Amino acid sequence: MSAITIKVILLITLPVSLALQTRPEDAKLNFTELGAKYGHPVEEYDVVTEDGYILTLFHIPGEIEGPVLLMHGIADSADTFIIRGNLSLVITLADKGYDVWAGNTRGNKYGRRHKYLNPDTDKEFWDFSFHEAGFYDLTATVDYVLESTGEESIRTIGHSQGTTAHFVLLSTRPEYNEKIKGFIALAPVAFLNNVIPPVSTVTKVGPVINAFLKSLGIEELLRDHSAARELIELICSQGIISYALCYILAVSPFAGFDPKRIESDFWEVITGHYPAATSRKSLVHFDQVALGRRFANYEYGPSENFRRYKLLRAPSYNLGEITTKVTLVVGQNDALSRVKDVDILRSLLPGDPKYHLMEPALWNHLDFVWANDMDKYLYPYIFSSLEEFEFE
Ligand SMILES: *[C@@H]1O[C@H](CO)[C@@H](O)[C@H](O)[C@H]1NC(C)=O
Ligand SMILES: *[C@@H]1O[C@H](CO)[C@@H](O)[C@H](O)[C@H]1NC(C)=O
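Quantities reported herein were computed from a predicted structural model and do not represent experimental measurements.

Enquirer: Before we go on, may I ask you to explain unusual backbone geometry in this structure?
Expert: The general pattern is negative phi for most residues beyond glycine and trans for most peptide bonds. The linkage connecting Pro197 with the following residue, Pro198, adopts the cis geometry, with an omega of 0°. Mapped onto the elements, Pro198 comes out in the loop between β7 (180-186) and α7 (199-215). Pro275 follows Tyr274 through a cis peptide bond whose omega is 0°. Structurally, Pro275 is set in the loop between α10 (264-271) and β9 (278-279). Positive phi, close to 55°, is recorded for Ser160, a residue that is not glycine. As for its placement among the helices and strands, Ser160 is situated in the loop between β6 (154-159) and α5 (161-172). Phi at Leu222 takes a positive value of approximately 60°, unusual for a residue other than glycine. Along the chain, the position of Leu222 falls in the loop between β8 (220-221) and α8 (227-236).

Here is the structure:
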């Protein structure tokens with residue numbers, strides 16, 4: 001669909017939708033505003049990566065429990081950990097007196113800045129995947145928190161691609177195993193060997209989709225306030241029918257079917273924040289992981305591989321380097337982070353990582369950040385793990 005067609009549709013449907021419905025306030029508030037609304041003033045910092053990206057880092061100061069850094073998943077942002085308001089992980093941690101930091105990876109609405117590159121005109125800006133999210137963004141963010149707090153090491157929590165970024169960082173820059181003393185991986189993603197349809201169907205046609213996007217010169221996907229993004233938000237935020245269409249029919253097959261934990265009112269809040277933008281290359285790299293059945297660096301083809309890696313084939317990440325204490329938290333019904341794939345990861349991580357299978361049988365990929373009963377099933381486990389890391 002062309003941008004013009006989308007704009008025409010918007011022009012016709014927007015007034016109707018505005019008349020039909022008022023959006024929930026939290027759909028429109030940013031991280032800082034949500035923090036204030038739920039009782040915690042937020043500080044904003046700019047983190048600059050080695051390769052020039054400028055990322056917003058959010059901080060809610062707390063003095064009782066020590067720093068914890070949160071890192072979000074693909075096409076997401078720090079918002080994900082706070083949009084549940086009083087029930088969210090950020091507010092719950094802050095209420096308990098943790099010093100909470102929430103980072104962002106390059107390309108999303110809080111990471112769309114660079115010292116020299118212009119995201120609107122420079123294609124190089126979008127030349128990144130989960131590799132750079134770990135190797136550069138997480139590195140700079142961890143260092144920023146260490147420097148600000150004067151701590152020698154911190155505890156971290158990642159969701160989905162936020163866990164992938166950790167596995168990249170800890171296996172490629174071993175010194176960060178000293179800086180991160182404990183890491184809780186929610187819905188860990190390193191292997192995609194056991195995905196089933198429709199996820200596996202999409203990974204199979206991935207190369208075709210990629211060729212198509214490339215031929216159109218599309219590097220940035222789902223930019224905030226773009227016509228396509230506005231259209232998704234419009235279609236997906238019209239009450240119960242939108243909920244059925246967008247969450248149950250479109251998203252659930254890729255996350256796991258669990259209609260109860262993310263209810264339609266809250267779905268409207270989600271559509272204001274998710275999806276946040278990402279790059280074409282991010283999807284391609286995950287597709288390579290799935291099709292190649294290995295957790296490896298980006299595959300550029302033999303000559304470019306040789307230039308970058310001195311190898312004809314992109315090297316696997318060496319998970320054997322990881323000495324940080326890792327806790328893997330897994331949903332039985334997670335369509336992206338499959339139990340069998342986490343088993344592979346677990347067998348390759350040294351030091352017998354802690355492992356927790358979520359008790360509810362329907363727990364899916366998104367329930368780790370958005371479920372309406374995270375306080376009952378997830379947080380007790382998170383808090384006990386954080387405490388153990390502190391005293392290990
Ligand atoms: C969030 O919104 C506030 C108030 O509108 C604004 O001052 C602030 O810059 C925003 N923060 C970010 C990171 O966009
Ligand atoms: C969040 O919880 C606090 C403390 O329980 C309460 O005072 C406040 O009204 C709640 N905020 C919202 C917006 O629900």
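Enquirer: In this structure, what is going on with the site of ligand 1? I would like to understand it.
Expert: Around ligand 1, the neighbouring residues are Asn30, Glu33, Glu44, Phe58 and Tyr110. At 2.9 Å, a side-chain N or O of Glu33 approaches an oxygen atom of ligand 1. Between ligand 1 and the protein, one listed contact pairs a nitrogen atom with a side-chain N or O atom of Glu44 at 2.7 Å. Taking 360 Å² as the accessible area of ligand 1 by itself, protein coverage stands at 48%. Of the residues belonging to the shell around ligand 1, the class tally is 2 nonpolar, 1 polar and 2 charged.

Enquirer: How should I be thinking about the packing of α7 against helix α11 (residues 280-292) in this particular structure?
Expert: Working note: a packed helix pair is described by the angle between its axes plus the distance between those axes. As a packed pair, α7 and α11 sit with axes 9 Å apart at the nearest point and diverge in direction by 150°. Between α7 and α11, the crossing angle belongs to the class labelled roughly antiparallel. The crossing of α7 and α11 is left-handed. Across the interface between the two elements, Val202, Thr203, Lys204, Gly206, Pro207, Asn210, Leu213 and Lys214 from α7 touch Arg280, Val284, Asp287, Ala290 and Leu291 from α11. The residue makeup of the contact of α7 with α11, split by class, is 6 nonpolar, 3 polar and 4 charged.

Enquirer: Looking at this model, I keep getting lost on the side chain of His59. Mind explaining?
Expert: Mapped onto the fold, His59 is located in strand β2 (residues 53-60). For His59, the side chain forms a polar contact with the side chain of Asp99, separated by 2.7 Å. Not counting residues within four places of it along the chain, the set of residues in contact with His59 comprises Pro41, Val42, Glu43, Tyr45, Asp99, Val100 and Trp101.

Enquirer: Would you mind going over the packing of aromatic side chains with me for this structure?
Expert: Each aromatic ring pair is summarised here by two numbers: the centre-to-centre distance and the angle between the ring planes. Under the defined criterion, the tally for this structure stands at 24 aromatic pairs. Seen in terms of ring centroids, Phe125 and Trp126 are 4.9 Å apart; in terms of plane orientation they differ by 65°. Their pairing is edge-to-face. Like Trp126, Phe125 is buried. With a centroid separation of 5.4 Å and 75° between ring planes, the pair formed by Tyr274 and Trp370 is classed as edge-to-face. Taken together, the residues span a long stretch of sequence, with Tyr274 in the loop between α10 and β9 and Trp370 in helix α14 (residues 367-370) at a distance of 96 residues. Among the aromatic side chains, those forming a connected cluster through ring pairs are Phe130, Phe191, Phe286, Phe295 and Tyr317.

The rules we used
Residues numbered from 1 in each chain as written. Chains lettered and ligands numbered in written order. Predicted model: local features only at pLDDT ≥ 70, side-chain atom pairs only at ≥ 80, totals over all residues. Heavy atoms only, no water. Helix = DSSP H or I, 4+ residues; strand = E, 2+ residues; numbered from the N terminus. Near = heavy atom within 4 Å. Polar contact = N/O pair within 3.5 Å; in protein donor to acceptor, adjacent residues only side chain to side chain. Areas by Shrake-Rupley, 256 points an atom, 1.4 Å probe, with all protein chains shown as cover. Nonpolar A, V, L, I, M, F, W, Y, C, P; charged D, E, K, R; others polar. Axes fitted to C-alpha atoms, helices over the stretch in contact; angles between N-to-C directions. Parallel < 35°, antiparallel > 145°, perpendicular 65-115°, else oblique. Left-handed = near helix turned anticlockwise from the far one by under 90°. Contact = heavy atoms within 4.5 Å. Phe/Tyr/Trp six-rings, centres within 6.5 Å; stacked < 30°, edge-to-face > 60°. Buried < 20%, exposed > 50% of the residue type's maximum accessible area, 1.4 Å probe, protein only.

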